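Working through the structure, step by step
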Amino acid sequence: NAKRNGGNQYRLYTDDMIALVQRDVRLEKHLRRSLEKNEWVLHYQPQFDIQSGRLIGAEALIRWNSEELGMVFPGDFITLSEQLGLINEIGRWVINEACVQGKRWEDLGWTDFVLSVNVSSRQLDEPYFVKNVQSILQSSGLEPSHLCLEITESMVVDKLHAARYMLDELVALGIHIALDDFGTGYSSLSVLRQLPISVIKIDRSFITDMENDHEGLSIVKTIVSMGHDLNKQIVAEGVETKAQLDLLLDIGCDKAQGYYYSKPLPLESMNELLERSGELSKRRNA
Ligand code: C2E
Ligand code: MG
Ligand code: MG
Ligand code: MG
């Protein structure tokens, strides 16, 4: 690209690119120290049963609360952590933190609450991944069926056989596996057929499209009906409007998460929400 810039033959990098590289170097330096500095936190995005409106789980989403850079979102550091070989450590921290927290909620009486955790492709390559998860479940005491691991198609598509072996072991522990960002790849259907997946998360782009035209709605309807035929739970991601929720209710989609209900919440706010919903359901049952 730089070469096509006429006279500026030797200007290989634009100012933007230099800024990006400098930012990466800064990011890398601080990221390497973020573990010992205890700067990672989980936010929790609540998930609801669409039909009953009940709070039934949450997705744990990592944030890096950097002293130097402020709040950094996963889109800005997960890929870098993979490149730096830090992702396994981060991933282990995330699973442990979620399980410890999940156990506290379990102890408070939230016995139908499922916590979902995103897993990176590098974690699945780790030979001791299943053992690590198993030992985290044991040390935290969380009931395995209260944990759901989210994978994406691109993570497993070129190694279906190995992935299947590993996921089978996780399922044998009692954990659920969800296919995240469903529909965005090229071979979602074969992944769905060959792996022990119990939850399909319809990607936000399809939920957004649903209101645009007949085709958009038809795609979501098809995913839900096919998913139900295959005995999967269907979660809609990124639900932002009442109109979208009404359509999903009509279609018979099971669960939803999104800004319409709530943004991902820091722990204290999630606890408050749980407390309020607990009171509501007690009153409902009274
Ligand atoms: P994801 O797993 O598909 O998570 C959903 C993302 O959509 C989250 O972004 C969430 O904040 C955002 N979102 C939720 N509802 C809405 C909505 O109604 N509208 C819009 N516009 N956005 C919504 P976030 O937290 O920035 O995470 C981005 C991605 O980073 C995640 O996508 C996931 O792939 C990855 N990620 C997050 N936490 C972790 C983690 O602990 N480990 C790994 N390996 N990846 C993670
Ligand atoms: Mg996810
Ligand atoms: Mg997603
Ligand atoms: Mg994603």
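Let me begin by describing the structure that accompanies this report.

The rules behind the values
All residue numbers refer to position in the chain's written sequence, counted from 1. Following the order in which they are written, the chains are lettered starting with A and the ligands numbered starting with 1. Per-residue local features are limited, in this predicted model, to residues with pLDDT of at least 70; the limit for side-chain atom pairs, both in listing and counting, is 80 or more; totals at the level of whole chains, interfaces and linings are taken over all residues. Hydrogens and water are ignored here; the side-chain numbers use all heavy atoms of the structure. Helix numbers and strand numbers start at the N terminus; a helix is a DSSP run of H or I with at least 4 residues, a strand a run of E with at least 2. Our radius of gyration is a C-alpha quantity, and the globule rule it is checked against amounts to 2.2 Å times the number of residues to the power 0.38. Here's how the labels work: a residue is buried when its accessible area is under 20% of the maximum for its type, exposed when over 50%, partly exposed in between, all with a 1.4 Å probe on protein chains only. Contacts were defined at the residue level, with two residues in contact if any of their heavy atoms lie within 4.5 Å. To measure how exposed things are, a 1.4 Å probe is used in the Shrake-Rupley method; for residues, cover is taken only from the protein chains shown. Residues scored as charged are limited to Lys and Arg (positive) and Asp and Glu (negative), so that His and the chain ends carry no count. Where a charge lies is defined by one atom per residue type: Lys uses NZ, Arg uses CZ, Asp uses CG and Glu uses CD. In this listing, donors mean N, O and S atoms no farther than 2.8 Å from the metal, or 3.2 Å for Na, K and Ca; water is missing from the atoms, so a site can look incomplete. An axis is simply a line fitted to the C-alpha atoms; with a helix, the fit covers only the stretch in contact. Between two such axes, the angle follows the N-to-C directions and lies from 0 to 180 degrees. Every angle not falling under 35 degrees, over 145, or within 65 to 115 is termed oblique; those three ranges are roughly parallel, roughly antiparallel and roughly perpendicular. A clockwise turn of the near helix away from the far one marks a right-handed crossing, whereas an anticlockwise turn of less than a right angle marks a left-handed crossing. For this description, a residue counts as near a given molecule or strand if any of its non-hydrogen atoms is within 4 Å of it. Distance and chemistry together define a polar contact, namely a pair of N or O atoms within 3.5 Å, with one atom able to donate a hydrogen and the other to accept it when in protein, and with adjacent residues in sequence counting only for side-chain atoms on both sides. By the convention adopted, Pro, Cys, Tyr, Trp, Phe, Met, Ile, Leu, Val and Ala count as nonpolar, Lys, Arg, Asp and Glu as charged, and the other residues, Gly among them, as polar.

1. Details of the overall build of the protein
Each helix and strand counted, the protein has 12 helices and 9 strands in total. In summary, the protein has a C-alpha radius of gyration of 21 Å against a globular reference of 19 Å for 286 residues, a match within 12%. With the C-alpha coordinates of the protein rotated into their principal frame, the extents come out at 75 × 50 × 40 Å. Across the 286 residues that make up the protein, the buried fraction comes to 44%. If you take every contact in the protein between residues at least 6 apart in sequence, the share linking residues at least 24 apart comes to 67%. Element-wise, carbon and sulfur atoms account for 49% of the exposed surface of the protein, whose accessible area totals about 15,500 Å². Placing the 30 positive and 42 negative side-chain charges of the protein at their respective mean positions leaves the two points 3 Å apart.

2. Concerning the coordination of the magnesium ion (ligand 3)
Within the first shell, the magnesium ion (ligand 3) binds the protein through Asp180 (OD), Asp181 (OD), Glu237 (OE) and Glu237 (OE), at distances of 2.0 to 2.4 Å. Motif for the magnesium ion (ligand 3), donor spacing along one chain: D-D-x55-E. A separation of 4.2 Å is found between the magnesium ion (ligand 3) and the magnesium ion (ligand 2), which share Asp180 as a coordinating residue. Here Asp180, found in strand S6 (residues 176-182), pairs with Glu237, found in the loop between strand S8 (233-236) and helix H11 (242-251); they are 57 residues apart in sequence, far enough to count as distant. The class for Glu237 is buried, based on a relative accessible area of 11%.

3. Section: unusual backbone geometry
A positive phi is found at Asn38, a non-glycine position, where the angle reads about 60 degrees. Along the polypeptide, Asn38 turns up in the loop between helix H1 (15-34) and strand S1 (40-49). For Asn38, a relative accessible area of 63% corresponds to the exposed category. In this model, Asp181 sits at a positive phi of 55 degrees, which is unusual for a non-glycine residue. Examined against the element boundaries, Asp181 turns out to sit in strand S6.

4. Quick word on the packing of helix H3 (residues 87-107) against helix H5 (residues 129-140)
Between H3 and H5, the least distance of the axes is 9 Å, while the angle of their chain directions is 30 degrees. Accordingly, the angle class assigned to the pair H3 and H5 is roughly parallel. Viewed along their axes, H3 and H5 form a crossing whose handedness is right-handed. Here Arg92, Ile95, Asn96, Cys99, Val100 and Lys103 of H3 come into contact with H5, specifically with Phe129, Asn132, Val133, Ile136, Leu137, Ser139 and Ser140.

5. Thoughts on the site of ligand 1
Neighbouring residues of ligand 1: 22 residues in total, closest Arg63, Asn118, Asp180, Glu240 and Tyr259. With respect to ligand 1, the side chain of Gln45 contributes an N or O atom lying 3.0 Å from a nitrogen atom. Broken down by secondary-structure element, the contributors of at least two residues to the shell around ligand 1 are strand S2 (55-66) and S6. Looking at the shell around ligand 1, the element that brings in the most residues is S2, giving 4 residues.

6. A look at the packing of helix H10 (residues 214-229) against H11
For the pair H10 and H11, interaxial distance at closest approach is 10 Å and the crossing angle is 45 degrees. On the basis of the axis angle, H10 is oblique to H11. The two elements H10 and H11 meet at a crossing, and its hand is right-handed. For the pair H10 and H11, the contacting residues are Leu217, Val220, Lys221 and Val224 in the first and Leu247, Leu248 and Ile251 in the second. For the contact of H10 with H11, the per-class residue count stands at 6 nonpolar, no polar and 1 charged.

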